[in-house]
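If you want the building blocks of each chain, they are given just below.
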Amino acid sequence: MSYIYRAMGWILEQLYSLLDKINMGNYALAIVLFTILVNVVFLPLSIKQQKSMAKQAALRPRLEALKEKCGDDRQRYQTEMQALYQKENISMMGGCWTLLIRLPFPWGVWQAIRSPLSYILNIGEDIIAKATALTATLLGKEATVITELEIVQNVDKLVAQDASLAGLQQEVSTLNF
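Along each chain, numbering runs from 1 in the same order as the chain's sequence is written. Where local features are concerned, this predicted model is filtered to residues with pLDDT of at least 70; where side-chain atom pairs are given and counted, the filter is 80 or more; whole-chain, interface and lining totals use all residues. Hydrogens and waters are ignored; side-chain quantities use all the structure's heavy atoms.

Take the nonpolar core next. Working definition of a nonpolar core: buried Ala, Val, Leu, Ile, Met, Phe, Trp, Tyr and Cys residues. They are joined through side-chain atoms within 4.5 Å. The cut-offs for exposure are 20% and 50% of the maximum accessible area for each residue type, with area from a 1.4 Å probe on protein chains only; residues under the lower value are buried, those over the upper are exposed, and the others partly exposed. Residues Phe34, Leu117, Ile151, Leu165, Leu168 and Val172 are the most contacted members of the largest nonpolar core, which totals 34 residues. Starting at the N terminus, helices and strands are each numbered in turn, a helix being any DSSP run of H or I of at least four residues and a strand any DSSP run of E of at least two. Every element with two or more residues in this core is listed here: helix 1 (2-21), helix 2 (27-41), helix 6 (104-114), helix 7 (116-119), helix 8 (125-139), helix 9 (148-153), helix 10 (155-161) and helix 11 (166-172). In terms of residues, this core owes the most to one element, helix 1, which gives seven residues. Note on contacts: a residue pair qualifies if any of its non-hydrogen atoms lie within 4.5 Å across the two residues. Those residues within four positions of Phe34 in sequence are excluded, and the remaining contacts are Met8, Ile11, Leu12, Leu15, Phe105 and Val109.

Moving on, we come to the pattern of salt bridges. By salt bridge we mean one thing: a side-chain nitrogen of Lys or Arg within 4 Å of a carboxyl oxygen of Asp or Glu. Applying the stated criterion across every chain, the model contains five salt bridges. Arg76 is the salt-bridge partner of Glu80, the closest N and O atoms lying 3.2 Å from each other. Placement of the pair is Glu80 and Arg76 together in helix 4 (residues 74-87), with a separation of four residues, close to one helical turn. Exposure remark for Glu80: the relative accessible area of 23% places this residue in the partly exposed category. According to the relative accessible area criterion, Arg76 is partly exposed, its value standing at 33%.

What follows deals with the packing of aromatic side chains. Centre distance within 6.5 Å is the pairing criterion for rings of Phe, Tyr and Trp, where only the six-membered ring of Trp is used; planes under 30 degrees apart are then read as stacked, over 60 as edge-to-face, and the remainder as tilted. All told, the structure shown has two aromatic pairs when counted by the stated rule. With centroids separated by 5.5 Å and ring planes inclined at 70°, the aromatic side chains of Tyr5 and Tyr119 adopt a geometry described as edge-to-face. In this pair, Tyr5 is assigned in helix 1 and Tyr119 in helix 7, connecting sequence segments 114 residues apart.

Glancing now at helix 6. Side chains of residues three or four places apart in an α-helix project in the same direction, reflecting 3.6 residues per turn. Here helix 6 has its buried residues at Gly108, Val109, Gln111 and Ala112. An end-on view of helix 6 places all buried positions within 165° of arc, on one side of the element. As used here, the arc belongs to the directions running from the helix axis to the C-beta atoms.

Working note: a packed helix pair is described by the angle between its axes plus the distance between those axes. It is at 8 Å that the axes of helix 1 and helix 6 come closest, and there the two elements cross at 70°. Judged by the angle between their axes, helix 1 and helix 6 are roughly perpendicular. Residues Ile4, Tyr5, Met8, Gly9 and Leu12 of helix 1 lie in contact with helix 6, whose contacting residues are Pro104, Phe105, Trp107, Gly108, Val109, Gln111 and Ala112. Under the scheme applied, nonpolar residues are Ala, Val, Leu, Ile, Met, Phe, Trp, Tyr, Cys and Pro; charged residues are Asp, Glu, Lys and Arg; polar residues are all the others, including Gly. Residue composition of the contact of helix 1 with helix 6, by class: nine nonpolar, three polar and no charged. Orientation is described by axes fitted as lines to C-alpha atoms, over the contacting stretch for helices, and by angles from 0 to 180 degrees between their N-to-C directions. Note on terminology: angles under 35 degrees are roughly parallel, angles over 145 are roughly antiparallel, angles of 65 to 115 are roughly perpendicular, and the others are oblique.

Let us look at the side chain of Asn154. Structurally, Asn154 is set in the loop between helix 9 and helix 10. Judged by its relative accessible area of 8%, Asn154 is buried.

This next bit is on a nonpolar patch on the surface. On the surface, a cluster of nonpolar side chains totalling about 620 Å² of accessible area is made up of Met1, Trp97, Leu100, Ile101, Leu103 and Trp107. Looking at the nonpolar patch element by element, the count peaks at three residues for helix 5 (residues 94-102). Structurally, Trp107 can be placed in helix 6. Assessed through its relative accessible area of 46%, Trp107 is described here as partly exposed. Each patch is built from residues that are more than 30% exposed by relative accessible area and take part in no salt bridge. Like charges join if they lie within 9 Å; nonpolar side chains (Val, Leu, Ile, Met, Phe, Trp, Tyr) join within 5 Å. Note on areas: these come from Shrake-Rupley sampling with a 1.4 Å probe, and a residue is covered only by the protein chains present in the view.

Time to look at the environment of Glu150. Of note, Glu150 is situated in helix 9. Under the relative-accessibility criterion, Glu150 is labelled buried at 14%. Taking the C-alpha atoms as reference points, Glu150 and Ala136, separated by 14 residues in sequence, lie 9.4 Å from one another. Any N or O atom pair separated by 3.5 Å or less is treated as a polar contact, with the protein-specific requirement of one donor-capable and one acceptor-capable atom, and with residues adjacent in sequence counted only for side-chain atom pairs. Within the structure, Glu150 has its side chain in polar contact with the backbone nitrogen of Thr147 (distance 2.9 Å).

Laid out in structure tokens, this is it:
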């Protein structure tokens, strides 16, 4: 899944760079712009989903009549329901597929936001591990609970303790968090 997260991070980085060129460089604004972009790209799928849901809603009275006709015979009801859907050219999964196609995007954006050093700035794992250990010591926490955002918040203190992290500070300063 990291390739999806990296792709989302790259897109967020490009949007941030575009906004920065017009003096509106803001990480939150890049996220909002990305959200709008994804919704525009998936607009045709959303329209298809809405149409499918409307068709299914229109069939509801006929399905209720089928349920009464079949009584407790669930197998017969299922068979007749499938035949009705097929006759009306409605996919029972029509509304679900569009949601499943869209699902990786919020996950990817969430990971990119949660781990900007890894997925937006593409900082190496060795530097992140070193910064994590130093941040854990600095904050008195276990390294396993340190987030990349805590590293970003404390990057100046980290560089004061270890000058080899100056490159990390330089990278972090390129984004307006």
